[in-house]
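Survey of secondary and tertiary structure
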Amino acid sequence: MLNKGRSVEELFSFFAEKKSLDLDHDYILSSMCTLPHSVAVRAHCMFMETNLGDPGLFPGTFSLEHLLVKRFGDLFHCPDAGGYATSGGTESNIQALRLAKALRHEVASPNVIVPASAHFSFKKACDILGLSMQKVPLDRDHRMDAGKAAEMIDANTVAMVGVAGTTEYGMVDPIADLGKIADQHDLFFHVDAAFGGMVIPFLDRPVPFDFALKGVTTVAVDPHKMGMSTIPAGCLVTREKDALNTLNIDTPYLTVKQEYTLGGTRPGAPVAAALAVMDYLGFDGMKAVVSGCMKNTERLIAGMETLGIPRAATPDVNVATFVCDQKRIPLPWRVSWTCQKHLRIVCMPHVHADRIEAFLSDIGEYHA
Ligand SMILES: *Cc1c(COP(=O)(O)O)cnc(C)c1O
């Protein structure tokens with residue numbers, strides 16, 4: 001601690017200096033996060049001090065959390081869904097597997113079946129929960145091989161995971177096939193739609209990935225990605241309204257007697273922000289945003305291929321990947337690279353069409 005405090009001027013000029021070191025979104029092509037929508041910022045500020053960890057003190061904010069879950073239930077074809085607002089995909093995935101494990105507490109050495117493309121949050125979840133992670137190979141399209149997944153299920157399998165919109169290649173696993181397999185084995189089936197959950201429903205031809213499919217138990221979705229909310233906003237949605245009560249523990253000093261969440265103190269601000277964007281834009285508004293992002297993705301792929309840089313995959317969502325030399329990327333653009341060393345660009349809402357053209361022109365000149 002400083003002995004003496006700092007003046008407001010001094011403090012905020014120091015902060016401004018630090019903030020100026022952060023990257024400008026104009027050049028960020030690597031992130032699944034984006035600039036929050038203006039209604040998200042306004043809602044966030046309005047609910048800044050609210051704590052969903054003690055909902056009896058903030059019943060109004062708590063009702064917004066219910067509404068958010070309700071919106072996702074409706075969007076994912078399960079109007080009576082349960083769930084709660086998490087801090088993001090990582091927490092949703094941990095909690096889904098925690099629930100799956102709790103429901104099969106008699107299994108001594110539990111395992112979970114995940115695609116090789118699963119997000120690294122499943123590694124954290126398995127570490128914390130003492131689960132053995134069985135990775136299913138992918139097919140040529142970077143999708144989980146459902147046949148191989150079925151072969152890997154054994155008596156100790158407590159859950160299977162499919163991804164709707166993979167982090168690296170933007171692919172949707174064969175969720176319908178996996179759901180059938182899960183149903184046949186009476187297996188808990190978690191769909192990680194952290195990214196795709198706010199893209200797929202708004203596509204012109206949405207691939208089924210949600211509770212419309214028999215066998216899907218839970219879905220993770222992140223409003224702080226394509227939902228243009230403020231950070232941190234995630235949601236774990238359960239087909240059964242009260243499914244999460246299995247995780248309840250007693251809470252001695254709060255306005256509620258029990259809780260199943262992972263965090264204790266939980267921010268209401270990003271929950272209000274997430275709901276603000278959804279209710280402001282509505283289905284049609286979200287469809288327009290997603291349609292713009294998909295068009296930009298297609299334009300980027302076509303433009304790169306014209307420059308002799310071929311795609312690595314044809315994605316289901318707005319994540320484009322390329323076979324490209326790392327040295328070909330001019331500064332100050334920020335891109336990312338997959339484990340297989342493919343160039344990866346996420347066409348988020350802040351990556352406007354003119355940014356794609358600017359990038360294409362820069363990379364074209366750079367290696368011309
Ligand atoms: C982003 C992402 C996660 C992790 O979400 P966080 O919000 O970063 O915790 C998990 N799964 C998938 C598929 C993701 O894209």
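Quick summary incoming for the structure in this document. (Residues numbered from 1 in each chain as written. Predicted model: local features only at pLDDT ≥ 70, side-chain atom pairs only at ≥ 80, totals over all residues. Heavy atoms only, no water.)

With that settled, the discussion passes to the pairing of strand 7 (residues 234-238). Counting buried positions along strand 7 yields five of five residues, so the element is predominantly enclosed. Burial along strand 7 is two-sided: Gly234, Leu236 and Thr238 facing one way and Cys235 and Val237 facing the other are all buried. Pairing of strand 1 (residues 82-86) with strand 7 involves five bridges; the strand directions are antiparallel. Paired with threonine 86 across the two strands is glycine 234, which belongs to strand 7. One ladder, built from four bridges, connects strand 6 (residues 218-221) with strand 7; its direction is antiparallel. (Buried < 20%, exposed > 50% of the residue type's maximum accessible area, 1.4 Å probe, protein only. Helix = DSSP H or I, 4+ residues; strand = E, 2+ residues; numbered from the N terminus. Pairing = 2+ DSSP bridges.)

The next subject is the layout of surface pockets. By volume, the largest pocket amounts to about 480 Å³. Lining the largest pocket are 24 residues, with Phe62, His66, Gly83, Tyr84 and Tyr260 sitting closest to its centre. Listed by contribution, the elements that provide at least two residues to the lining of the largest pocket are helix 3 (59-75), strand 1 and strand 9 (258-259). Counting residues per element, the lining of the largest pocket draws most heavily on helix 3, which supplies five residues. (1 Å grid on protein atoms, 1.4 Å probe; cavity = no way out; pocket = protein on both sides within 12 Å on 5 of 7 lines; lining within 4 Å. Points joined across faces, edges and corners; volume = space filled by probe spheres on them.)

Around the ligand sit 16 residues, and of these Thr90, Asp192, Asp222, His224 and Lys225 come closest. A distance of 3.2 Å is found between an oxygen atom of the ligand and a side-chain nitrogen or oxygen belonging to threonine 167. Contacts to the ligand include histidine 224, whose side-chain N or O atom sits 2.8 Å from an oxygen atom. Considering the ligand on its own, with 380 Å² of exposed area, one finds that the protein chains cover 86% of that surface. Broken down by element, the shell around the ligand gets its largest block of residues, three residues, from helix 4 (residues 89-103). Counted by class, the shell around the ligand contains four nonpolar, nine polar and three charged residues. (Near = heavy atom within 4 Å. Polar contact = N/O pair within 3.5 Å; in protein donor to acceptor, adjacent residues only side chain to side chain. Areas by Shrake-Rupley, 256 points an atom, 1.4 Å probe, with all protein chains shown as cover. Nonpolar A, V, L, I, M, F, W, Y, C, P; charged D, E, K, R; others polar.)

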